Amino acid sequence: MPEIFNMLIASFIPLLFILIYAVVILWVEIKVASHVQDRLGYMYTGGFHGIAQPIADLLKLLTKEHITPANSDKIFFTLAPVLVFASSYAAYAALPFTSTFIAANLNVGIFYIIAITSFVVIGILMAGWSSNNKYSLLGAMRSVAQIVSYEIPTVLSILTVVVAVGTLNLQEICEIQKGGISSWNIFKYPPFMLITFLIYFTASLAEVNRTPFDIPEAESELVAGYHTEYTGMKFAMFYLAEYANMFLVSGIAAILFFGGWSSPFGKFLSSPGWGVFWFVSKGLFFVFLQIMLRWTLPRLRVDQLMYVSWKVLTPISFVNLMMVGLWAILK
Amino acid sequence: MSLFDVAFYVLAFITVGSAIVVVSSKNIIYSAFALLFTFFGVAGLYVLLNADFIAVTQILIYVGGILVLIIFGVMLTTKAFDVPIKTETLHVGPAIVVTGAIMGTLFGVILKTRWFNVLNVQWDGTTKKIGERLMTDFLLPFEVASVVLLVALLGAVIIARREKVKS
């Protein structure tokens, strides 16, 4: 059964990546947060700047007791974190890490990612409802309303890129952008692709519930949103999914606008091994940007949130799509 | 049994099993969530038939759109998730006749159709072909569907909009 064995390896690599990345980014998030707030953060565990702290945190989460509220719905309460993580993990299947490795080279790659991440929405609703807690339910409802609203500008900006490159296959989108920084999509059709990127980045912040769009988890109003009742490993699953989603949207931004695994120097340093380096570092750069924004910007109000999505981002992205489409026809 | 067969039977089991839960569950929210697995199974079957675009569209429209709407509807209806909704068996006679007729028709179609084996078909991307056909041969149905959707959208806006009462 070498076929099944290959499939298992191909599906294991993204999982391994997510786990290692989550441990690293846990440390980075706390350190960036501390330095933004002019304090030091972790300093003791593991010697240099508390480098072993995420491992200690992880062990703590693993050994914690699983508390299931008495009036919760037991099946869905257990299923929800699995569903949320499984869907963001499934989306990694279509991410091209390098020119020679992609878990599933789908013809409808980017479309598949958009579709499969909608399972996250169901998982969040499931978590909020099964907790039998009004804060959880309110948090879940806010979260879903936000994700569904912001899906429209996100998808429209992705569609703009698809119009420009003419394929849905993420590997082909990367291939098109090969040959240095000047052939990246962000510099095509100036200034429309730049606007598209800004819309995509803003909307994707809302998609992953990051500040300034983190009203689903507003501590001052909702305790912790849809995962209020979760403890131990189930809670960790939600966190893992959130971090996985952060890299997912960043990775998509890197692929769609910044060449994915292609080197910024053309042929220089463009072997498949370096491809992984370029892709991951481009992705991590946007993750870092998200973390910086989280500790810089205040939270939006619910009505402002809806205003930004429906009255600002959606019309601009429609106009943008039409302009790029027109330009692409005339060319 | 090949890998293809295993995948087919697993997906068929998921689809049919969750569909049974949808119709037989006493709690309406269980039905709504069980629908998720039905849609997932159907999408998987589309993948097995090499219809990648349709499979992804199925998930995007049904899971991302319609199912969220159904669950929201159930949750926002006052106390709907606290009261167990009774599912009773009603009108057994007419139901047997109607479902029997539908089943007979389907069986007839299944037996009469000359099936071809998807395993023998050359794998090919479907997105481009669907796009081309929609813009050429099937342009009129496509446009009619868009008009229907527009009408539905306008209707929803008019129903949802609260007119300001002049005092």
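Just above, that's the structure.
Residues numbered from 1 in each chain as written. Chains lettered and ligands numbered in written order. Predicted model: local features only at pLDDT ≥ 70, side-chain atom pairs only at ≥ 80, totals over all residues. Heavy atoms only, no water.

*Asks:* What's the story with the overall build of chain B in this structure? I'm lost.
*Replies:* Across its full length, chain B carries six helices and zero strands. Along chain B, helices and strands appear, N-terminal first, in the series α-α-α-α-α-α. Expressed as a percentage of the 167 residues in chain B, the buried residues total 22%. Put simply, of all contacts in chain B between residues at least 6 apart along the chain, 61% involve residues at least 24 apart. When the accessible surface of chain B is split by element, carbon and sulfur atoms take 74% of a total near 12500 Å². (Helix = DSSP H or I, 4+ residues; strand = E, 2+ residues; numbered from the N terminus. Buried < 20%, exposed > 50% of the residue type's maximum accessible area, 1.4 Å probe, protein only. Contact = heavy atoms within 4.5 Å. Areas by Shrake-Rupley, 256 points an atom, 1.4 Å probe, with all protein chains shown as cover.)

*Asks:* What's the story with the overall build of chain A in this structure? I'm lost.
*Replies:* Each helix and strand in chain A was counted, giving 12 helices and zero strands. Starting at the N terminus and ending at the C terminus, chain A contains elements arranged as α-α-α-α-α-α-α-α-α-α-α-α. Taken over C-alpha atoms, the radius of gyration comes to 20 Å for chain A, in line with the 20 Å a tight globule of 331 residues would show. With 331 residues in all, chain A has 54% of them scored as buried. Long-range contacts, defined as pairs at least 24 residues apart, comprise 78% of the intrachain contacts of chain A with a sequence gap of at least 6. Of the roughly 14400 Å² of accessible surface on chain A, 73% is carried by carbon and sulfur atoms. (Rg over C-alpha atoms; globule rule 2.2 N^0.38 Å.)

*Asks:* In this structure, what is going on with the packing of aromatic side chains? I would like to understand it.
*Replies:* Within a pair of aromatic rings, the relevant descriptors are the distance that separates the centres and the angle that separates the planes. Residue and element names in this part refer to chain A. Counted according to the given criterion, the structure contains 34 aromatic pairs over all chains. Between Tyr230 and Phe238, the ring centres sit 4.8 Å apart and the planes meet at 75°, which makes this aromatic pair edge-to-face. Of the two residues, Tyr230 and Phe238, neither departs from the other in class, the shared state being buried. What links up through ring pairs into an aromatic cluster is the set Trp184, Phe197, Tyr200, Phe201, Phe257, Phe258, Phe285 and Phe286. (Phe/Tyr/Trp six-rings, centres within 6.5 Å; stacked < 30°, edge-to-face > 60°.)

*Asks:* Got a minute to help me understand the interface of chain A and chain B in this structure?
*Replies:* Bring the parts together and some accessible area is lost; that lost area is often taken as the interface size. Each side of the interface is counted separately: chain A has 27 residues, and chain B has 25 residues. Taking both partners together, chain A and chain B bury about 2400 Å²; carbon and sulfur atoms supply 88% of that area. Of all residues in chain A, Phe111, Ile122 and Trp129 of chain A bury the most surface against chain B, accounting for 25% of the area lost on that side. Counting every contact that joins chain A to chain B gives zero salt bridges. Where chain A packs against chain B, one counts zero residue pairs in polar contact (both at pLDDT 80 or more). When residues of the side of chain A that touches chain B are traced back to their parent elements, those giving at least two are helix 1 (2-36), helix 3 (74-91), helix 4 (109-116), helix 5 (118-130) and helix 6 (134-165) of chain A. (Buried area = accessible area lost by both parts, 1.4 Å probe. Salt bridge = Lys/Arg side-chain N within 4 Å of Asp/Glu carboxyl O. Polar contact = N/O pair within 3.5 Å; in protein donor to acceptor, adjacent residues only side chain to side chain.)

*Asks:* Sorry if this is basic, but what is going on with the environment of Ile59 of chain B here?
*Replies:* Considering the arrangement of structural elements, one finds Ile59 of chain B in helix 3 (residues 52-76). Judged by its relative accessible area of 9%, Ile59 of chain B is buried. Taking the C-alpha atoms as reference points, Ile59 of chain B and Ala34 of chain B, 25 residues apart in sequence, are found 14 Å from one another. Apart from residues no more than four positions distant in its own chain, Ile59 of chain B is found in contact with Ala115, Ile116, Ser118 and Phe119 of chain A together with Ala43 and Gly64 of chain B.

*Asks:* Help me out: how do you make sense of the environment of Ser183 of chain A in this one?
*Replies:* Residue and element names in this part refer to chain A. Turning to its location among the elements, Ser183 is positioned in the loop between helix 7 (170-176) and helix 8 (192-207). Placed 173 residues apart in sequence, Ser183 and Ala10 show a C-alpha to C-alpha distance of 30 Å. Contact partners of Ser183, with chain neighbours within four places excluded, come to Gln177, Lys178 and Lys188. Only 3.2 Å separates the side chain of Ser183 from the backbone oxygen of Gln177, close enough to count as a polar contact.

*Asks:* I keep staring at helix 2 (residues 53-63) of chain A and nothing clicks. Help me out?
*Replies:* Residues and elements named next belong to chain A. The set of residues buried in helix 2 consists of Gln53, Pro54, Asp57 and Leu61. One face of helix 2 carries all of its buried residues, which in axial projection span an arc of 95°. Among the exposed residues of helix 2, those oriented more than 90 degrees off its buried face are Leu62 and Thr63. Packing partners of the buried residues in helix 2 comprise helix 1 and helix 10 (232-257). (Arc of directions from axis to C-beta.)

*Asks:* What am I meant to see in the packing of helix 1 of chain A against helix 2 of chain A here?
*Replies:* Packed helices, taken two at a time, are described by their axes: the angle between them and the distance between them. All names here are of chain A. In contact at an axis separation of 8 Å, helix 1 and helix 2 are set at 115° when each is read in the N-to-C sense. In terms of orientation, helix 1 lies roughly perpendicular with respect to helix 2. Here helix 1 runs over helix 2; the crossing is right-handed. On the side of helix 1, the interface is formed by Val23, Leu26 and Trp27, while helix 2 contributes Pro54, Ile55, Asp57 and Leu58. Residues that form the contact of helix 1 with helix 2 fall into these classes: six nonpolar, no polar and one charged. (Axes fitted to C-alpha atoms, helices over the stretch in contact; angles between N-to-C directions. Parallel < 35°, antiparallel > 145°, perpendicular 65-115°, else oblique. Left-handed = near helix turned anticlockwise from the far one by under 90°. Nonpolar A, V, L, I, M, F, W, Y, C, P; charged D, E, K, R; others polar.)

*Asks:* Looking at this model, I keep getting lost on the environment of Gly50 of chain A. Mind explaining?
*Replies:* Residues and elements named next belong to chain A. Structurally, Gly50 is set in the loop between helix 1 and helix 2. Measuring from C-alpha to C-alpha, the distance between Gly50 and Lys31 comes to 9.2 Å, with 19 residues separating the pair along the chain. Filtering out sequence-adjacent residues up to four positions away, Gly50 remains in contact with Trp27, Tyr42, Met43, Tyr44 and Thr45.

Don't take any of this as a statement about function, it's just geometry.
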